[in-house]
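As a plain string of letters, each chain reads:
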Amino acid sequence: MSKHPHDEWSQVLFRQFKDAGVDLFTYIPDAGNARLAELAEEDNETRLVLLTTEEEGVAMAAGADLVGKKSVLMMQSSGVGNCPNYLSFSKGGNFPCLMMVSMRGDYGEQNPWQYPMGQAVDKILEAMGVMVFRVDRRDELEAAATAAINAAFRNNQGAALILTQKFLGAKAF
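Computed from a predicted structure; not experimentally measured.

Caption draft 1: Broad picture of helix H3 (residues 54–66). Spanning 13 residues, H3 covers 19 Å between terminal C-alpha atoms, matching the ideal 18 Å at 1.5 Å per step. Glu 54, Glu 55, Gly 57, Val 58, Ala 61, Ala 62 and Ala 64 are the residues of H3 that are buried. The inward-facing, buried residues of H3 abut strand S1 (22–27), strand S3 (70–76), helix H4 (84–92) and strand S4 (97–102). Phi turns positive, to about 80°, at Gly 68, one or two residues after H3.

Below you can see the structure in the form of structure tokens.
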């Protein structure tokens, strides 16, 4: 039995990111990305960087691209609200920006403070020219991740892999 509730899909997603050449994992800690962060920290070929704010991850994605590297920014949906100005630089500079967003404020949410940002995530990302790839079920993960990876690294797009609460499970707080 797995010691972490997100172990199986996190390993699959980590392998997809790594196979795509992602070696820099930037993040703001969240239960939805905790296992991915552990896998990146344990792997000798990847680097995990703890951010103080989400938009730093957008800047690091641009910097990684400038030196021929690939990165993924892992954050909770509430952090998307911190990123629009930096996402405009990413779009204007034609830098790829791959994001993995663990949702709050959608299906099954029990904290009313999470709903406003949860309802705005897709609209904010789309307004900034970021393509959104939502995952509600386990059988959607690999295809959505592949689409997001390709959008980011083959087309120099902003791409957000959105892991919904239907997929992750709702938190009780």
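Caption draft 2: Up close: the sheet that holds strand S6 (residues 158–163). The 6 strands lie next to each other as S2-S1-S3-S4-S6-S5, forming an open sheet whose pairing is parallel. Every other strand in the sheet has two partners, leaving strand S2 (47–50) and strand S5 (130–135) as the edge strands with one partner each. Taking the axes of each pair of neighbouring strands and ignoring which way they run, one obtains an average angle of 20° across the sheet. Sheet topology note: the S1/S2 ladder contains 4 bridges and is parallel. Across the sheet, the residue bridging to Leu 24 is Arg 47, located in S2. In the packing of helix H2 (residues 34–42) onto the sheet, the strands contacted are S1, S2, S3 and S4, and the crossing angle to S2 comes to about 130°.

Caption draft 3: Highlighting unusual backbone geometry. Phi at Asn 94 is positive, roughly 60°, even though this residue is not glycine. Position of Asn 94 relative to the elements: it lies in the loop between H4 and S4. The backbone of Asn 156 shows a phi angle near 50°, a positive value even though the residue is not glycine. By the element assignment, Asn 156 lies in the loop between helix H6 (141–153) and S6.

Caption draft 4: Just the pattern of salt bridges, in detail. As enumerated under the stated definition, the model contains 13 salt bridges in all. Linking Arg 15 and Asp 19 is a salt bridge whose minimum nitrogen-to-oxygen distance equals 3.3 Å. In this pair, Arg 15 and Asp 19 both sit in helix H1 (residues 7–19), 4 residues apart, roughly one turn of the helix. Residues Arg 134 and Asp 122 are paired through a salt bridge, measuring 2.8 Å at the closest nitrogen-oxygen approach. With Arg 134 in strand S5 and Asp 122 in helix H5 (residues 115–127), the pair connects residues that are 12 residues apart, well separated along the chain. In the salt-bridge network here, residues are joined through shared partners; they are Asp 7, Arg 35, Glu 38 and Glu 42.

About the thresholds
Residues numbered from 1 in each chain as written. Predicted model: local features only at pLDDT ≥ 70, side-chain atom pairs only at ≥ 80, totals over all residues. Heavy atoms only, no water. Helix = DSSP H or I, 4+ residues; strand = E, 2+ residues; numbered from the N terminus. Expected span 1.5 Å × (residues − 1). Buried < 20%, exposed > 50% of the residue type's maximum accessible area, 1.4 Å probe, protein only. Contact = heavy atoms within 4.5 Å. Pairing = 2+ DSSP bridges. Axes fitted to C-alpha atoms, helices over the stretch in contact; angles between N-to-C directions. Salt bridge = Lys/Arg side-chain N within 4 Å of Asp/Glu carboxyl O.

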